[in-house]
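Each chain, letter by letter, is given below.
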Amino acid sequence: MKRRDLLTLAAAATLPAAAEALRRPWPKGQATPPLTMPGFEGPAWSLAEAKGRPVLLNFWASWCEPCRAEMPSLELLAQRHEAEGLLVLAVNHRETDAAIRRFLQTMPISLPILRDTDGATSRSFGVRIFPTSVLIARDGRAAFSVIGELDWTGAQARQWIAPLL
């Protein structure tokens, strides 16, 4: 069985239904990992440059069905809160340029895509299940993570995000 299939099975076995995504506070005393990543067909991006703005890092892969399912709501979230400075970034986990292009042909998105080519960034942020989103406050510190698929336009997401805006 392929590694990605095992990750998907693990997610299905350990997570509640998509409507019940799990919110975990960032561990007290744990620093937010530094982050500088190459962009997919775009410039590199650094978390340090975003200080002063809230950031949502969505860790995803094209083979992950829940990742694909939540992508349109992430796009809407980014559009709705752009004026408040929210940055929504899609961090692709260990896929080739060709795989990302195929994904974009079936689901064109305008979110900036960052490349976690070796999985080191996912590991440094404690990502073990896809999708996982890490929300970072304006001060540059991680506030919490959301594990599993979430409707980012729904009431639960609005409640979680409002304090960061």
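Each remark here, short or long, concerns the structure printed above.
Visitor: Mind laying out the pairing of strand β8 (residues 142–147), listing which residues take part and the relevant values?
Guide: Summarising burial for β8: five of the six residues are buried, a large majority. Examined bridge by bridge, strand β1 (residues 22–25) and β8 share four bridges and lie antiparallel to one another. Residue Arg 23 lies in a different strand from β8, and its bridge partner there is Val 146. Relative to β8, strand β7 (residues 132–136) runs antiparallel, the two being bridged by five bridges. Residue Val 134 lies in a different strand from β8, and its bridge partner there is Ser 145.

Visitor: Mind laying out the pairing of strand β2 (residues 36–39), listing which residues take part and the relevant values?
Guide: With three bridges joining them, β2 and strand β3 (residues 42–46) adopt antiparallel strand pairing. Its bridge partner lying in β3, Gly 39 is registered against Gly 42. Counted between consecutive antiparallel strands, the loop separating β2 from β3 contains two residues, among which Glu 41 sits at a positive phi close to 50°.

Visitor: Would you mind going over the packing of aromatic side chains in detail, with residue names and values included?
Guide: Scanning all chains against the criterion turns up four aromatic pairs. Relative to Phe 130, the ring of Trp 63 has its centre 6.0 Å away and its plane inclined at 80°; by these criteria the two rings are edge-to-face. Of this pair, Trp 63 sits in the loop between β4 (55–60) and α2 (65–80) while Phe 130 sits in the loop between α4 (120–124) and β7, placing them 67 residues apart in sequence. Here the aromatic cluster, defined as three or more aromatic residues joined through ring pairs, consists of Trp 26, Phe 59 and Phe 125. Sitting over the face of the ring of Phe 144, Arg 23 holds its NZ or CZ atom 3.9 Å from the ring centroid.

Criteria and thresholds
Residues numbered from 1 in each chain as written. Predicted model: local features only at pLDDT ≥ 70, side-chain atom pairs only at ≥ 80, totals over all residues. Heavy atoms only, no water. Buried < 20%, exposed > 50% of the residue type's maximum accessible area, 1.4 Å probe, protein only. Helix = DSSP H or I, 4+ residues; strand = E, 2+ residues; numbered from the N terminus. Pairing = 2+ DSSP bridges. Phe/Tyr/Trp six-rings, centres within 6.5 Å; stacked < 30°, edge-to-face > 60°. Lys NZ or Arg CZ within 6 Å of the ring centre and 35° of its normal.

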